[in-house]
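# Geometric and topological summary
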Amino acid sequence: MTAVPMATNVTAIRWLFKAGLVLVILLAVVEQSDAAGRSLTPSELFFYQGADREQILLEGAKKEGQLVFYNSHTWFKSVAQEFEKKYPFMKVSVWRADGADVMKRVLEESLAGRFLVDVVESTEANIGGLHKRQLLQEHHSPELRFFKDEVLGKGKRGVFYWADRETYISLGFNTNHVSIEEAPKRTQDLLDPKFKGKISFAGGATAARWVGAAIDTLGRDFIEKLSRQDVTVHKLSGAALANLVVTGEVPISPTIFDSNMFVAKNKGAPVEWRPMEPVVANVGYSSVVAKAPRPHAALLFIDYLHSKEGQQVVVKGGLSSPRDDVDSLVPQKFKKTYLEAKYPLDEYEKKLDEWEDLIQRLFIRKR
């Protein structure tokens, strides 16, 4: 048998090594392009982290063409408009209501087997309620790394919901009716006889949360005394009540969001917002809805909303951002009360019911 020269063996080994390396590279390319070349199932899509994730979302969203977004803050209409500018092939249908109504609508549609909404946004009690009823879709996003664990509703593989904005509830007033000098400096000043008949509350959870925080801070006796000030309770959201402050129909209210006054004042309205303890922190969370009919568009919007660009749009509305690398326009130098953090979700829901019932008994039925 003729011996094979050593040099020939080495050459053969080198050739095999190169061929193997090329094969590995080809397999990697095929694997990477495979996701783009086939339709991912929803369960795969929600957790996909490949380098071509954005491209997959863009291609899918172009086919879907639209997004339905339920939320509980007026500024998100502007966020949706900026999203449409960035992705002109998308049309966002926005429906805004009080947080409890948002939760109710998602629940009722789900029970009826009508899956219309893709992304939902509201405060923790409402979002938490939807999560408890298994109506939120766990998902992953590359933007998650910019948010602290404290603002993430974590699951096993991603998040069920995560914070996108923070606002604060305290005193809003119309300066044509209550001057800056005479406006209350402390919450206890609301008991001054000169404010009798001038104070209003928003309806629903907004007023209930403020009353609950006031009881925790100042005691039940303070609320009893305040009820003798002829306070008017409007069946309106905090944002809608803020519009009445702008027009002067409501001179003063301790249940006003700072962001609403920020936007109105920038437009020239004669309004001011003043932080008086207890200042209730209002954290908004968003999520993809379970069985979202347009999953690519939903994930694309969730990514945008939590991106640096999206959060910078959020803070233009006077909101604060929970994202690590985005600063708020107005420094928030006051003590904040986080009611949701004080109670487990079930207990918090019971507390809200108790506070709303108290408002009924002391401020509404009494009139």
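In short, a report on the structure. (Residues numbered from 1 in each chain as written. Predicted model: local features only at pLDDT ≥ 70, side-chain atom pairs only at ≥ 80, totals over all residues. Heavy atoms only, no water.)

Another point: helix α5 (residues 99–111). Owing to its 3.6 residues per turn, the α-helix aligns residues three or four sequence positions apart on the same side. Its 13 residues give α5 an end-to-end C-alpha distance of 19 Å, which sits within 8% of 18 Å, the value for a rise of 1.5 Å per residue. Listing the buried residues of α5 in full gives Gly99, Val102, Met103, Val106 and Glu109. When α5 is viewed along its axis, its buried side chains cluster within an angular range of 135° and face the same direction. The inward-facing, buried residues of α5 abut β1 (66–71), β2 (91–96), β3 (119–123), α6 (124–132) and β11 (279–289). The first or second residue beyond α5 is Gly113, which carries a positive phi of 70°. (Helix = DSSP H or I, 4+ residues; strand = E, 2+ residues; numbered from the N terminus. Expected span 1.5 Å × (residues − 1). Buried < 20%, exposed > 50% of the residue type's maximum accessible area, 1.4 Å probe, protein only. Arc of directions from axis to C-beta. Contact = heavy atoms within 4.5 Å.)

For the coordinates displayed, the defined rule picks out one cavity of 30 Å³ or more. Computed from the structure, the largest cavity encloses a volume of approximately 80 Å³. Lining the largest cavity are Val106, Glu109, Ser110, Arg114, Phe115, Leu116, Val117, Leu135, Val289 and Ala290. Here the lining of the largest cavity takes three residues from α5, the largest share from any one element. Residue composition of the lining of the largest cavity, by class: seven nonpolar, one polar and two charged. (1 Å grid on protein atoms, 1.4 Å probe; cavity = no way out; pocket = protein on both sides within 12 Å on 5 of 7 lines; lining within 4 Å. Points joined across faces, edges and corners; volume = space filled by probe spheres on them. Nonpolar A, V, L, I, M, F, W, Y, C, P; charged D, E, K, R; others polar.)

This paragraph deals with the packing of aromatic side chains. On inspection of all chains with the given rule, the structure shows 15 aromatic pairs. For the pair Tyr348 and Trp355, a centre-to-centre distance of 6.5 Å together with 75° between the ring planes defines the contact as edge-to-face. Look at Trp355 and you get buried, because its relative accessible area is 6%. An aromatic cluster of three or more residues is present, and its members are Phe69, Phe76, Phe83, Tyr87, Phe89, Phe301 and Tyr304. When the ring centre of Phe89 is taken as origin, the NZ or CZ atom of Lys62, which lies over that ring, is 5.6 Å away. Against the face of Trp95 rests Arg105, its NZ or CZ located 4.1 Å from the ring centre. (Phe/Tyr/Trp six-rings, centres within 6.5 Å; stacked < 30°, edge-to-face > 60°. Lys NZ or Arg CZ within 6 Å of the ring centre and 35° of its normal.)

In terms of residue burial, strand β6 (residues 159–174) counts as a mostly covered element, since 16 of its 16 residues are buried. Here strand β5 (residues 152–154) pairs with β6 via three bridges, running antiparallel. Following the sheet pairing, Lys154 is matched in β6 by Val159. Between the antiparallel neighbours β5 and β6 lie four residues. The sheet contact formed by β6 and β11 spans seven bridges and is antiparallel. Within β11, the position partnered with Trp162 by the bridge is Ser286. As paired strands, β6 and strand β9 (residues 252–257) are joined by four bridges and run antiparallel to one another. Looking at the pairing, Gly172 lines up with Ser253 of β9. (Pairing = 2+ DSSP bridges.)

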